[in-house]
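Read off the chains here:
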Amino acid sequence: MNQLEKIFANAKRLKKTIILPESGDKRVLEAACKAADLGVARIILVGVKSDVDALCAEIGITRPDAIEVIAPESSALLPELSKLYYTLRKHKGVTEEDADKAARNPYVFAALMVKAGHADGTVSGAACSTADVVRTAIQVIGAAPGTRLVSSFFLMMLEADHHAKKGAFLFSDCGLVIDPDAAELSKIAIAAAGSYTMLTGDTPRVAMLSFATRGSASHPMVDKVEQAVKLVRLNRPDLLVDGALQFDAAFVPEIAKSKGAAEPLGGEANIFIFPDLQAGNIGYKIAQRIGGASAIGPVLQGLDKPANDLSRGCSAQDVLDMIAVTACQAGAQK
Ligand SMILES: CC(C)(COP(=O)(O)OP(=O)(O)OC[C@H]1O[C@@H](n2cnc3c(N)ncnc32)[C@H](O)[C@@H]1OP(=O)(O)O)[C@@H](O)C(=O)NCCC(=O)NCCS
Ligand SMILES: CC(=O)OP(=O)(O)O
């Protein structure tokens, strides 16, 4: 069983409820029906039942009875959820009228359902930008107690024949924090290590990436990564971390050796922390589109309850994988 299969098995055991606000997207519908059929999660779709069933018919699938479809406008939960939104956002000048309008938005409705405990997690982003998904998640669900920085990661599955190394790797942050300083980068690395253990059960081996290995170039950009490594070591002396490292020195044992970075990771990192969002977002898409990795994410870390994003370029399988990951996150938070 590979790590993704284990994630699916865990999700099936947990029986969590995942709410999907993008019921007008064919990939989401296909994944929702599969998730319900396979028992990966109990699914709630935000939308109008007749529209959902018509789109299902168009793509040649039947909505399992187990999937509940809720239209915010006619939902008995709307008054409770708009009141909740008002409570959460009134300090920002949101009025009761604004709150009622906001709660009818499918993305906000789904996040409120999670916040209120009517669902365990939400997945969206197939049909809208990451910024919109993340802003809603942060404003409605909020950061976990003791956490100030919400960030994200991709679970990268290397399983194709041409992958010399197979398994689950974690890339972070490829979706959210645009230009982290050293302290923020160290927080991203620590959060990513926790996420990796939570999902795979394996020991994290964290490489903090740059364009230099062991001082092969000096530049403030490299200094930032080295400073972040120091902060990780200071705050989490138990974590196996190294950097600044180039990707090859973090991933290929012979190159780690030849570049003087045989210890402590020995070219066997399983978590790769990118120095900023340009590098991270470009890097994961190259690994996915040229490298043939499957990329599950952006999975948000640091939220009080799970709310995850998707790339607009996702497939139905990506959505299904994300539903399983979200269910596991929900299971780990209880
Ligand atoms: C996520 C993102 C939208 C937040 O940007 P922003 O300009 O700070 O947005 P806002 O100012 O509207 O912030 C929204 C709220 O989230 C909070 N916030 C923003 N980033 C946060 C973070 N990383 N952790 C915790 N809270 C955060 C803000 O404090 C604000 O809270 P408030 O509304 O209660 O005051 C921004 O970081 C972003 O666009 N990231 C890149 C997303 C992207 O395009 N990714 C590439 C594709 S995956
Ligand atoms: C994660 C990501 O890059 O999202 P999108 O492709 O939708 O911009």
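Each chain has its residues counted from 1, following the order in which its sequence is written. Chains carry letters from A onward and ligands carry numbers from 1 onward, assigned in written order. At least 70 in pLDDT is required for a residue's local features to be given in this predicted model, at least 80 for side-chain atom pairs to be given and counted, and no such filter applies to totals for whole chains, interfaces and linings, which use all residues. Calculated side-chain values reflect all of the structure's heavy atoms, with hydrogen atoms and water omitted.

Q: Account for the overall build of the protein, with residues named and values stated.
A: The secondary structure content of the protein amounts to 13 helices and 11 strands. Seen through its principal axes, the protein has C-alpha atoms that stretch 65 × 50 × 30 Å. For the protein, with 334 residues in total, the buried portion stands at 53%. The criterion used for residue contact is that any of the two residues' heavy atoms lie within 4.5 Å. Across the protein, every contact between residues at least 6 apart in sequence was considered, and the portion connecting residues at least 24 apart equals 72%. Element-wise, carbon and sulfur atoms account for 53% of the exposed surface of the protein, whose accessible area totals about 14,600 Å². Side chains of the protein give 36 positive and 38 negative charges; the mean places of these two sets differ by 4 Å. Note on conventions: DSSP H or I runs of at least 4 residues are helices, E runs of at least 2 residues are strands, and numbering of each starts at the N terminus. The buried label goes to any residue with under 20% of its type's maximum accessible area, the exposed label to any with over 50%, and the partly exposed label to all in between, with areas taken from a 1.4 Å probe on protein chains only. Each accessible area is a Shrake-Rupley result for a 1.4 Å probe, and residues are judged covered by the shown protein chains and nothing else. The charge count treats Lys and Arg as positive and Asp and Glu as negative. His and the chain ends do not count. Positions of charges follow a simple convention, taking NZ of Lys, CZ of Arg, CG of Asp or CD of Glu.

Q: Can you tell me about the site of ligand 1, naming the residues and giving the values?
A: By convention in these notes, a residue is near a molecule or strand provided one of its non-hydrogen atoms lies within 4 Å of it. Taken together, 16 residues lie around ligand 1, and Arg89, Lys92, Gln139, Val150 and Gly175 are the ones closest in. Polar contacts here mean pairs of N or O atoms no more than 3.5 Å apart (in protein, one a potential hydrogen donor and the other a potential acceptor; neighbouring residues in sequence count only if both atoms are side-chain atoms). With respect to ligand 1, the side chain of Arg89 contributes an N or O atom lying 2.9 Å from an oxygen atom. The contact in question runs from a nitrogen atom of ligand 1 to an N or O atom on the backbone of Gly175, over 2.9 Å. Considered on its own, ligand 1 offers 940 Å² of accessible surface; in the complex 62% of this is hidden by protein. Among the secondary structure elements, those contributing two or more residues to the shell around ligand 1 are α7 (130-141) and α12 (277-289). Here the shell around ligand 1 takes six residues from α7, the largest share from any one element. A breakdown of the residues in the shell around ligand 1 according to their chemical character gives eight nonpolar, four polar and four charged. As a working rule, the residues Ala, Val, Leu, Ile, Met, Phe, Trp, Tyr, Cys and Pro are called nonpolar, Asp, Glu, Lys and Arg charged, and the rest polar, with Gly in that last group.

Q: Summarise the environment of Val150; cite the residues concerned and give the values.
A: Structurally, Val150 can be placed in the loop between α7 and β5 (151-158). A relative accessible area of 7% means that Val150 is categorised as buried. Distance in space between the C-alpha atoms of Val150 and Gly302 is 4.7 Å, their sequence separation being 152 residues. Sequence-distant contacts of Val150, defined by excluding residues within four places in its chain, comprise Ile138, Ala143, Leu176, Val177, Gln301, Gly302 and Leu303.

Q: Give me the pairing of strand β6 (residues 167-172): which residues, what numbers.
A: Of all six residues in β6, six are buried, a share of seventy percent or more. Here a strand pair is declared whenever DSSP counts at least two bridges between the two strands. Here six bridges tie β5 to β6, and the two strands are oriented antiparallel to one another. Looking at the pairing, Leu158 lines up with Gly167 of β6. Where β6 lies against strand β9 (residues 271-273), three bridges are found, and the strand directions are parallel. Paired with Ser172 across the two strands is Ile273, which belongs to β9.

Q: So, the sheet that holds strand β8 (residues 240-245): which residues are in play, and what are the values?
A: An order of β8-β7-β9-β6-β5-β10 is seen for the six strands of this open sheet, with the pairing classed as mixed. Whereas interior strands pair on both sides, the edge strands pair on one side only; in this sheet they are β8 and β10 (294-301). Strand-to-strand, the axes of this sheet are offset by a mean angle of 20°, without reference to chain direction. Bridge count for strand β7 (residues 205-209) against β9 is three bridges, and the pairing is parallel. Looking at the pairing, Ala207 lines up with Phe272 of β9. A fitted line through C-alpha atoms represents every axis, and for helices the fit uses only the stretch in contact; the resulting angles, taken between N-to-C directions, go from 0 to 180 degrees. Sheet strands touched by helix α9 (residues 220-235): β7 and β8. Its angle to β8, the strand with the most contacts, is close to 170°.

Q: A description of the site of ligand 2 should follow, citing residues and the corresponding values.
A: Around ligand 2, the structure places Thr130, Phe154, Asn281, Tyr284, Lys285, Pro298, Ser311 and Arg312. In the environment of ligand 2, an oxygen atom lies 2.8 Å from a nitrogen or oxygen atom belonging to the side chain of Lys285. Within the side chain of Ser311, a nitrogen or oxygen atom sits 2.7 Å from an oxygen atom of ligand 2. Computed on the free molecule, ligand 2 has an accessible area of 260 Å², of which 86% lies beneath the protein chains in the complex. At three residues, α12 tops the list of elements feeding residues into the shell around ligand 2. Looking at the shell around ligand 2 residue by residue, the classes come out as three nonpolar, three polar and two charged.

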